[in-house]
Amino acid sequence: MFKTTLVSSAILVGALFGASQAAMAYEAGDILIRGNVIKEDPDSGRINTDKTFGGSVGVMVMDKLGVTLGSSGKFDHEVDSGDKFKSQPIDLMAQFYPLGGNDARIQPYAGIGANYTRFSNESDGLRIDNAWAPKAELGVDLMITDFLAVNGFVNYTDINVDYKQNTAAGRVSDDFDYDPVAVGAGVTFSF
C-alpha cells in the first residue's frame, strides 16, 4: 500500500512539474512586474555610489519582445567637493527575450530605451538640470515557478548633465558625464 501511494505521488509530482515547465515560457500578453534592489555607480569617479529599491511593469507584446516602464527610489550622491544631490531614473525600455515562447527555466534579455533622470535636493548654490539619455540593459530571469522568478541585471545610461554652481568667481555653467552603471537583483512576477 505504501509503495503504491509513493509511486502515485511521484507520478503526480512529475506531472505537475512537467506542466509547470510548459507554463514557464514568456508569451505575448504576459505582464511582468519586477521589484529590485539596485546599486548605482556614476562614471565620473567624483561621485559616490548608492543603493535603493526599484521596480518596473512590463507587457510582452510578442513572445520575444516586451516593453517596460520602470523607476526607482532616489539615489543620494555626494561629490568629492562636498556638494550633494539626489537622482531618480525613469525608464521606458524595449526588451528582447531570445528564449521567449520556449519552455526555458532561464530567460535572458537585452533591452534598449530612453531614460529621464530627475535631479533634486542639490546643495546650496548648485542646480542640476534634469536629463534625457539612451539606456541599455542586460538581465536574466531564473524561473522558480510558472509565476515567480529571481532576477539579476546590469544597465548603463549615457547621461551628460548640465549644471550651474555658485563659486567665489561667480556663477559657473558647465556639464559633466554622469553615465551611471547600475547592478540589481530581485524578483519577477509574471501572469
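Since the structure is predicted, the reported quantities are computational estimates derived from the model, not experimental observations.

**Points about the pattern of salt bridges**
Taken as a whole and assessed by the stated rule, the structure comprises four salt bridges. The salt bridge partner of Arg-34 is Asp-141, with a shortest N-O separation of 2.6 Å. Pair noted here: Arg-34 is in strand E1 (residues 31-41) and Asp-141 is in strand E8 (residues 131-143), with a separation of 107 residues, a long-range link. On the basis of relative accessibility, which here comes to 0%, the residue Asp-141 falls in the buried class.

**Focus: a nonpolar patch on the surface**
A surface patch of nonpolar side chains, amounting to about 920 Å² of accessible area, comprises Ile-33, Val-57, Ile-106, Val-140, Leu-142, Ile-144, Phe-147, Val-150, Val-187, Phe-189 and Phe-191. Contributions of two or more residues to the nonpolar patch are made by E8 and strand E12 (181-190). Here Leu-142 lies in strand E8. Judged by relative accessible area, which is 40%, Leu-142 ranks as partly exposed.

**A look at the packing of aromatic side chains**
Summed over all chains, the structure comprises seven aromatic pairs. Their ring planes at 85° and their centres at 5.4 Å tell us that Tyr-26 and Tyr-97 sit as a pair that is edge-to-face. In this pair, Tyr-26 is assigned in the loop between helix H1 (2-22) and E1 and Tyr-97 in the loop between strand E5 (84-96) and strand E6 (106-120), connecting sequence segments 71 residues apart. There is no split in this pair, since Tyr-26 and Tyr-97 are both buried. Ring plane angle 40° and centroid distance 5.2 Å describe the contact between Tyr-97 and Tyr-109, whose orientation is recorded as tilted. Taken as a pair, Tyr-97 in the loop between E5 and E6 and Tyr-109 in strand E6 lie far apart in primary sequence, twelve residues in all. Three or more aromatic residues joined by ring pairs form one cluster here, namely Tyr-26, Tyr-97 and Tyr-109.

Cut-offs applied
- Residues numbered from 1 in each chain as written.
- Predicted model: local features only at pLDDT ≥ 70, side-chain atom pairs only at ≥ 80, totals over all residues.
- Heavy atoms only, no water.
- Salt bridge = Lys/Arg side-chain N within 4 Å of Asp/Glu carboxyl O.
- Helix = DSSP H or I, 4+ residues; strand = E, 2+ residues; numbered from the N terminus.
- Buried < 20%, exposed > 50% of the residue type's maximum accessible area, 1.4 Å probe, protein only.
- Patch = residues over 30% accessible without salt bridge, like charges linked within 9 Å, V, L, I, M, F, W, Y side chains within 5 Å.
- Areas by Shrake-Rupley, 256 points an atom, 1.4 Å probe, with all protein chains shown as cover.
- Phe/Tyr/Trp six-rings, centres within 6.5 Å; stacked < 30°, edge-to-face > 60°.

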